[in-house]
Amino acid sequence: MNIAVFASGRGSNFQAIYAHIKSGKINANVRCLISNNPSAPVIGFAKNNRIQTYIIDAKDDGHSKQLLEVLDKHNTQLIVLAGYMKLIQKNIVKKFHNKIINIHPSLLPSFGGKGCYGMNVHEKVFKSGVKYTGATVHYVNQNYDEGQIIAQEHISISPEDSAENIATKVLKIEHKLLPEVVKKICENQLYWINNKPWISKL
Ligand code: GAR
């Protein structure tokens, strides 16, 4: 399976997927990394690993045309948003229907939507007083964090927790959950039951 990864920042989820591919646990190729942020640390990682990298500014008018060209050039079969902070344009969502997945650091549909990304999510979770949070991998549609949920994993929050250590705990499960879903998709082991996507647990 030819994968294009989109990322805007640190890139730890990208590294987690890449490690699974390199060790042979996932049978796929990362064909390219696309970022909107020229100073994202993830770019250094991609370049060090000789992965083709494209900086495509989401503010440019022609950006979705540029994205489509890159995706076509690499015969992209799956797009993985691994910490990508921009909305995917309608024409891309349409062309890659159910071929774009995203990792989100909460149990959607809670703590999702515009403005809910990265550390903001954990701060909102902490302030709200909920007792559980977690990570969600979902299909991407034209709205932030609204596509169908594929898989979730939860952690419990204790009185000693802070927003920062909630983030650390959630990131740890993200690094397990996202590669697991990518693996299942690559192995054709994602099933549609009652119009909902399911993966069997490892
Ligand atoms: C991750 O926690 C990811 O779930 C989140 O950004 C972080 C990126 O970390 N994504 C979102 O908030 C998307 N709405 P990383 O760059 O180290 O993978």
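Below, the structure is looked at part by part.

**Observations regarding the overall build of the protein**
Here is step 1: For the protein, the helix and strand inventory stands at 6 helices and 9 strands.
Here is step 2: Expected size for 202 residues packed as a compact globule is a radius of gyration near 17 Å; at 16 Å, the protein falls within 12% of this value.
Here is step 3: Based on the C-alpha atoms only, the size of the protein along its principal axes is roughly 50 × 35 × 35 Å.
Here is step 4: Out of the 202 residues belonging to the protein, those deemed buried represent 49%.
Here is step 5: Across the protein, contacts joining residues at least 24 apart in sequence account for 64% of those joining residues at least 6 apart.
Here is step 6: Within the structure as shown, the protein displays about 10500 Å² of accessible surface, and the carbon and sulfur contribution to it stands at 50%.
Here is step 7: Between the mean site of the 25 positive side-chain charges and the mean site of the 15 negative ones, the protein shows a separation of 5 Å.

**Quick notes on the sheet that holds strand β7 (residues 149-156)**
Here is step 1: Strand order in this open sheet of 7 strands is β3-β2-β1-β4-β5-β6-β7, and the pairing throughout is mixed. A strand with exactly one partner marks an edge of an open sheet, and here the two such strands are β3 (52-55) and β7. Pairs of neighbouring strands in the sheet enclose a mean axial angle of 20 degrees, with direction left out of account.
Here is step 2: Here 4 bridges tie strand β1 (residues 2-6) to strand β4 (residues 78-81), and the two strands are oriented parallel to one another. Following the sheet pairing, phenylalanine 6 is matched in β4 by leucine 81.
Here is step 3: The strands touched by helix α1 (residues 12-22) are β1, β2 (29-35), β4 and β5 (100-104); relative to β2, the strand with the most contacts, the crossing angle is about 170 degrees.
Here is step 4: Together, β1, β4, β5, β6 (132-139) and β7 form the strand contacts of helix α6 (residues 163-186), whose direction differs from that of β7 by roughly 155 degrees.

**Focus on the nonpolar core**
Here is step 1: Formed by 43 residues in total, the largest nonpolar core has its most connected members in Ile3, Phe14, Leu33, Val80, Ile101, Leu178 and Val182.
Here is step 2: A per-element tally of this core places α6 first, with 9 residues.
Here is step 3: In this view, valine 182 contacts Ile3, Ile17, Ile26, Leu78, Val80 and Ile101; residues no more than four positions away in its chain are not counted.
Here is step 4: Counting residues in each nonpolar core, the second largest holds 20 residues, with Ala58, Leu68, Tyr84 and Val93 among its members.

**Brief notes about the site of the ligand**
Here is step 1: Around the ligand, 14 residues are found, and the nearest of them are Arg10, Gly11, Ser12, Gly118 and Glu174.
Here is step 2: For the ligand, the accessible surface in isolation is 450 Å², of which the surrounding protein chains cover 93%.
Here is step 3: Elements represented by at least two residues in the shell around the ligand include exactly α1, β5 and α6.
Here is step 4: By residue class, the composition of the shell around the ligand is 6 nonpolar, 6 polar and 2 charged.

**Side note on the packing of aromatic side chains**
Here is step 1: In the structure shown here, the tally under the stated rule is 5 aromatic pairs.
Here is step 2: Between phenylalanine 14 and phenylalanine 45, the aromatic rings sit 5.7 Å apart at their centres with planes inclined by 90 degrees, giving edge-to-face as the arrangement. Of this pair, phenylalanine 14 sits in helix α1 while phenylalanine 45 is found in helix α2 (residues 41-48), placing the two residues 31 residues apart along the sequence. Taken individually, phenylalanine 14 and phenylalanine 45 each receive the classification buried, so the pair is uniform in this respect.

**Section: the pattern of salt bridges**
Here is step 1: Tallied over the full model, the rule gives 5 salt bridges.
Here is step 2: The salt bridge partner of lysine 65 is glutamate 69, with a shortest N-O separation of 3.4 Å. Of this pair, lysine 65 and glutamate 69 are both found in helix α3 (residues 63-73), 4 residues apart, which corresponds to roughly one turn of the helix.
Here is step 3: A salt bridge links lysine 183 to glutamate 187, with the nearest nitrogen and oxygen atoms 3.0 Å apart.

**Here we look at a nonpolar patch on the surface**
Here is step 1: A grouping of Tyr191, Ile193 and Trp198 is seen on the molecular surface, where their side chains present a nonpolar patch of about 330 Å² in accessible area.
Here is step 2: The topology assignment puts isoleucine 193 in strand β8 (residues 190-193).
Here is step 3: Isoleucine 193 sits in the partly exposed class, given a relative accessible area of 45%.

Rules behind the numbers
Residues numbered from 1 in each chain as written. Predicted model: local features only at pLDDT ≥ 70, side-chain atom pairs only at ≥ 80, totals over all residues. Heavy atoms only, no water. Helix = DSSP H or I, 4+ residues; strand = E, 2+ residues; numbered from the N terminus. Rg over C-alpha atoms; globule rule 2.2 N^0.38 Å. Buried < 20%, exposed > 50% of the residue type's maximum accessible area, 1.4 Å probe, protein only. Contact = heavy atoms within 4.5 Å. Areas by Shrake-Rupley, 256 points an atom, 1.4 Å probe, with all protein chains shown as cover. Lys, Arg positive; Asp, Glu negative; His and termini not counted. Charge placed at Lys NZ, Arg CZ, Asp CG, Glu CD. Pairing = 2+ DSSP bridges. Axes fitted to C-alpha atoms, helices over the stretch in contact; angles between N-to-C directions. Core = buried A, V, L, I, M, F, W, Y, C linked by side-chain atoms within 4.5 Å. Near = heavy atom within 4 Å. Nonpolar A, V, L, I, M, F, W, Y, C, P; charged D, E, K, R; others polar. Phe/Tyr/Trp six-rings, centres within 6.5 Å; stacked < 30°, edge-to-face > 60°. Salt bridge = Lys/Arg side-chain N within 4 Å of Asp/Glu carboxyl O. Patch = residues over 30% accessible without salt bridge, like charges linked within 9 Å, V, L, I, M, F, W, Y side chains within 5 Å.

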